[in-house]
There are 2 protein chains.
Amino acid sequence: MKNKNIQKGFSKLPVSEKRKIAASLCDDAAAAINQMESFLHPVPEVQQVLEGLSENTISNYPLPYNVAPNFIINGTTYMVPMVIEESSVVAAASSAARFWASRGGFHAHVKNNKKAGQLHFLYRGDINKLRTAMPGIEEFLRRYAKPVTQNMEKRGGGILTITLKHRPEVWDHYCQLHVEFDTKDAMGANFINSCLEEFSEGMKSYLRATAGFNENDYEPLMAILSNYNDQCIVHVNVSSPLELLEEATKELSAEDFVRRFIMAVHIAGSDVSRATTHNKGIMNGVDAVILATGNDFRAIEAGAHAYAARSGQYRSLSTATVEDGIFTFSLDMPMALGTTGGLTRLHPMASRSLQILGNPSAEDLMMIAGAAGLANNFAAVKSLTTTGIQAGHMRMHLSNITMQLKATQEETQKIKDHFAGQKVSYQAVAAYLDQLRNNQDS
Amino acid sequence: MKNKNIQKGFSKLPVSEKRKIAASLCDDAAAAINQMESFLHPVPEVQQVLEGLSENTISNYPLPYNVAPNFIINGTTYMVPMVIEESSVVAAASSAARFWASRGGFHAHVKNNKKAGQLHFLYRGDINKLRTAMPGIEEFLRRYAKPVTQNMEKRGGGILTITLKHRPEVWDHYCQLHVEFDTKDAMGANFINSCLEEFSEGMKSYLRATAGFNENDYEPLMAILSNYNDQCIVHVNVSSPLELLEEATKELSAEDFVRRFIMAVHIAGSDVSRATTHNKGIMNGVDAVILATGNDFRAIEAGAHAYAARSGQYRSLSTATVEDGIFTFSLDMPMALGTTGGLTRLHPMASRSLQILGNPSAEDLMMIAGAAGLANNFAAVKSLTTTGIQAGHMRMHLSNITMQLKATQEETQKIKDHFAGQKVSYQAVAAYLDQLRNNQDS
């Protein structure tokens, strides 16, 4: 049994010591240390930046850094950096981008770009009196939070609206201030949280210092941003007359292709089991851009899926229609992200991604990530409704299998040739490789 | 204006050529190439594995590989690998794990571990006749899919149930076969998709060859796994008598701490804006383990958030109660993952993670990732309801800020000392650093 005892003071140990302890849990401890070290960046200053991002960092975990060319969005051509480990995502995005490039590209706009946060509290006093006082309270809070907001205001952002909500059905005396923010090109998490914490203190000050109120009626509970960004929505669509879709697939006429495509998207709008995977396919593209640009994919994921459930049923984020002979495929989803602050400039490859994209504003990046999401969704639904997902997927996956089987380059080529027109499965490839090797031996 | 023209045949170019084209979009093209190359793994065979995972790979994107020690789960101590770029996640997980280690640790079990998939199709014939024939159809399909299922069956898994659903309210003639699978220690995406594609062909064969049916009544639409894994649920909880929670915080009595904690979790069960962020905090921990073990975080995210909306309102995935003086904090969530297949053994650091975890089964890993989720949720709610999220968060974020400001080690130490008891903001740190540097100059 390996040493899995409780570690005291672990976080204070030098990195090399932490690495040694983690490696000691492996059968090949010495090799484990070498391996972890092999993934470090050769320049100590760069490695220090990476280690500074987290805690108890003992190595780096590399994800493939890829680019999908030929994304035309509102007339501008982008090469989109995508960080993703799933074999078919970049190929699918690239292929959809190229397909739409000759059909007008992606059309996108930002519907709105407001972030939100909440101060949750109990108020045991007269709620009507508090409500009546709100204009004065709001003015007080805005002044109170000035030290936190003034820099954001210089950049044109700041606090937008402050709304008092009283919801005793949730909990006795439960209230919240629901606050909207403009955080410009920043995702704004730290700004929003700091503002809300100032508000929490400010409320107390106001109630203490204002005649007719008692600070003891107020119990602050939590002050934090919300990732439910239903007021921070990007719209992306692709659109084409049916006659330009004749070449969309080998198998189907444009009409049949569009009929089946629309039906598939409609089913994802009605069936939760299908909707979940449909939206997962959108997020394959979105998250790859989010990761590549140093944004927080958990935030985007949570916001997107909660938004997909806003009607009371979890549904597809995309819709497809045909009207007057024009096929349109659209995506509307929350996309609260930044191109300044956080990791966006700090992580060397995130910063590089922003340069490859021509240093986009946050709104530009919302459209780019949205386009990547729609592209992946288009490619997935197209595959599903025509050749099936496995044909392309397993072809991409074939190289994973050959690596797992430790096939030589020569063997890999033979395997690829053999499986060009055939069904791929791990078992089939393993069997074929066995056969290759046995033939060689004999 | 940079060259952003349409790239023809991009995917066929050598990696170095692709890298050059991407770099040409940057102001410092030569430096960009050097930088991208600097992130490659020094051993060509290892780099080849990473590049084989995706398409158009031109570099690696390193995420910090971290460990959180002291996770006791069902009596076993784990050091949990977490791949995450957000500064407070590993620290929060470690601190919650240590806190609960002295209070019995995490209790976890897998409620069920079934995966699902769907064959979507139109059936224009007599649906009642089809329904009546289902036992025979099912037997036929199971035999038809044997070449795909036999290996999984050897490992004890395979097809579980096959259910015909007729849903004409979604689309005229729309039906699906909803199929449940046991995929043992594999996530099983390829297996499930391959099975369902066999079913799609199998249906056609059955209808062609069986008297009274007509294959032309059948139009297959899509065959694909579902990420809505409501039959693949892990439960994790922590539990403690109130008297052992006196030291939970400096500020509050155990009773007050628990009252506020439960209220906060309850609000996340009622308010979508709060629920989204609450669940995002759970996913911070879950995804870090998912990434570290080579699983697919988009799949887990989609499944988790869609499940959070199953009641018709999007709610918290965790619940907190106090009964008979015992505080219990629980998490129930879908967690469809694998410890074999996919990237789990292929990515060298994913494989390393599984070794550090003692080569867990898929069910073990479900519990470990769930525990990381609950730990991060506990730490976040605890911070929010006591000191506020920003105190800890900004302290962690302080090193990001000092890096951004390119503070020397000496300056960083002075900054850390100065801000030990103070509010941290980018502006405040920048101002203090200016002051430090000006004093030095004078």
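Residues numbered from 1 in each chain as written. Chains lettered and ligands numbered in written order. Predicted model: local features only at pLDDT ≥ 70, side-chain atom pairs only at ≥ 80, totals over all residues. Heavy atoms only, no water.

**Let's talk about the confidence of the model for chain A**
Here comes step 1: Of the residues in chain A, 97% reach a pLDDT of 70 or more, and the chain-wide mean stands at 94.
Here comes step 2: Two summary scores accompany this predicted model of the complex, namely pTM at 0.93 and ipTM at 0.93. (pLDDT = per-residue confidence, 0-100.)

**Digging into the packing of helix H10 (residues 272-292) of chain A against helix H11 (residues 297-308) of chain A**
All names here are of chain A.
Here comes step 1: Where H10 meets H11, the closest approach of the two axes is 10 Å, and the angle between their N-to-C directions is 150°. When the axis of H10 is compared with that of H11, the two are roughly antiparallel. Regarding H10 and H11, the two cross each other, and that crossing is right-handed. Residues Asn 279, Met 283, Val 286, Asp 287, Ile 290 and Leu 291 of H10 touch H11, and the partners they reach there are Phe 297, Ile 300, Glu 301, Ala 304, His 305 and Ala 308.
Here comes step 2: For the contact of H10 with H11, the per-class residue count stands at eight nonpolar, two polar and two charged. (Axes fitted to C-alpha atoms, helices over the stretch in contact; angles between N-to-C directions. Helix = DSSP H or I, 4+ residues; strand = E, 2+ residues; numbered from the N terminus. Parallel < 35°, antiparallel > 145°, perpendicular 65-115°, else oblique. Left-handed = near helix turned anticlockwise from the far one by under 90°. Contact = heavy atoms within 4.5 Å. Nonpolar A, V, L, I, M, F, W, Y, C, P; charged D, E, K, R; others polar.)

**A look at the relation of the copies chain A and chain B**
Here comes step 1: When chain A is fitted onto chain B, the two copies agree to an RMSD of 0.0 Å after a turn of 180° and an axial shift of 0.0 Å. Given the turn and translation reported, the copies of this chain are related as if by a two-fold rotation axis.
Here comes step 2: Here 100% of the contact residues of chain A are again contact residues in chain B; the copies associate through an equivalent surface. (Least-squares fit on C-alpha atoms with pLDDT ≥ 70 in both.)

**Focus on the sheet that holds strand S4 (residues 115-123) of chain B**
Residues and elements named next belong to chain B.
Here comes step 1: In space, the four strands of this open sheet follow the order S5-S6-S4-S7, with antiparallel pairing throughout. Of all the strands in the sheet, just strand S5 (158-166) and strand S7 (218-226) have a single pairing partner and so form its edges. Geometrically, the sheet is characterised by an average inter-axis angle of 20° between neighbouring strands, direction not taken into account.
Here comes step 2: By the bridge criterion, eight bridges tie S4 to S7 in an arrangement that is antiparallel. (Pairing = 2+ DSSP bridges.)

**Some remarks on the domain arrangement of chain A**
Here comes step 1: Under the domain assignment used here, chain A contains domain 1 (10-53), domain 2 (65-109 + 234-389), domain 3 (115-225) and domain 4 (397-441).
Here comes step 2: Here the C-alpha centre of domain 4 of chain A lies 33 Å away from the C-alpha centre of domain 2 of chain A. (Domains from an automatic or database assignment.)

**Structural notes on unusual backbone geometry**
Here comes step 1: Unlike most non-glycine residues, A:Lys406 shows phi in positive territory, near 50°.
Here comes step 2: Here A:Lys406 lies in the loop between helix H14 (389-404) and helix H15 (409-419).

**A short note on the interface of chain A and chain B**
Here comes step 1: Contact with chain A, which involves 143 residues of that partner, is made by 144 residues of chain B.
Here comes step 2: Of the roughly 12,500 Å² buried between chain A and chain B, counting both surfaces, carbon and sulfur atoms make up 60%.
Here comes step 3: At the junction of chain A with chain B, the criterion picks out 14 salt bridges.
Here comes step 4: Between A:Glu219 and B:Arg260 there is a salt bridge, with its nearest N and O atoms 2.7 Å apart.
Here comes step 5: Counting every contact that joins chain A to chain B gives 55 residue pairs in polar contact (both at pLDDT 80 or more).
Here comes step 6: Examining the composition of the side of chain A that touches chain B, we find that 14 residues originate from one element, strand S1 (residues 57-73) of chain A, more than from any other.
Here comes step 7: Broken down by class, the residue content of the side of chain A that touches chain B amounts to 68 nonpolar, 52 polar and 23 charged. (Buried area = accessible area lost by both parts, 1.4 Å probe. Salt bridge = Lys/Arg side-chain N within 4 Å of Asp/Glu carboxyl O. Polar contact = N/O pair within 3.5 Å; in protein donor to acceptor, adjacent residues only side chain to side chain.)

**Describing the nonpolar core**
Here comes step 1: Ranked by internal contacts, the top residues of the largest apolar core, which has 284 residues, are A:Phe71 and B:Phe71.
Here comes step 2: Among all residues touching A:Phe71, those that are not within four sequence positions of it are A:Thr76, A:Thr77, A:Tyr78, A:Val80, A:Ala93, A:Ala97, A:Phe106, A:Ala371, A:Ala372 and A:Ala375.
Here comes step 3: Core analysis: the next-biggest nonpolar cluster, separate from the first, contains twelve residues, B:Leu398, B:Ala407, B:Val429 and B:Tyr432 among them. (Core = buried A, V, L, I, M, F, W, Y, C linked by side-chain atoms within 4.5 Å. Buried < 20%, exposed > 50% of the residue type's maximum accessible area, 1.4 Å probe, protein only.)

**What to know about the sheet that holds strand S7 (residues 218-226) of chain A**
Here comes step 1: Pairing is antiparallel across the open sheet formed by four strands, whose spatial order is S5-S6-S4-S7 (chain A). Two strands lie at the open edges of the sheet, namely strand S5 (158-166) and S7 of chain A, each paired on one side alone. Taking each pair of neighbouring strands and ignoring which way they run, the sheet shows an average axis angle of 20°.
Here comes step 2: Of the strands in this sheet, strand S4 (115-123), S5, strand S6 (174-182) and S7 of chain A are in contact with helix H8 (residues 189-209) of chain A, which crosses S7(A) at around 165°.
Here comes step 3: Running over the sheet, helix H10 (residues 272-292) of chain B touches S4, S6 and S7 of chain A and is turned about 65° from S7(A).

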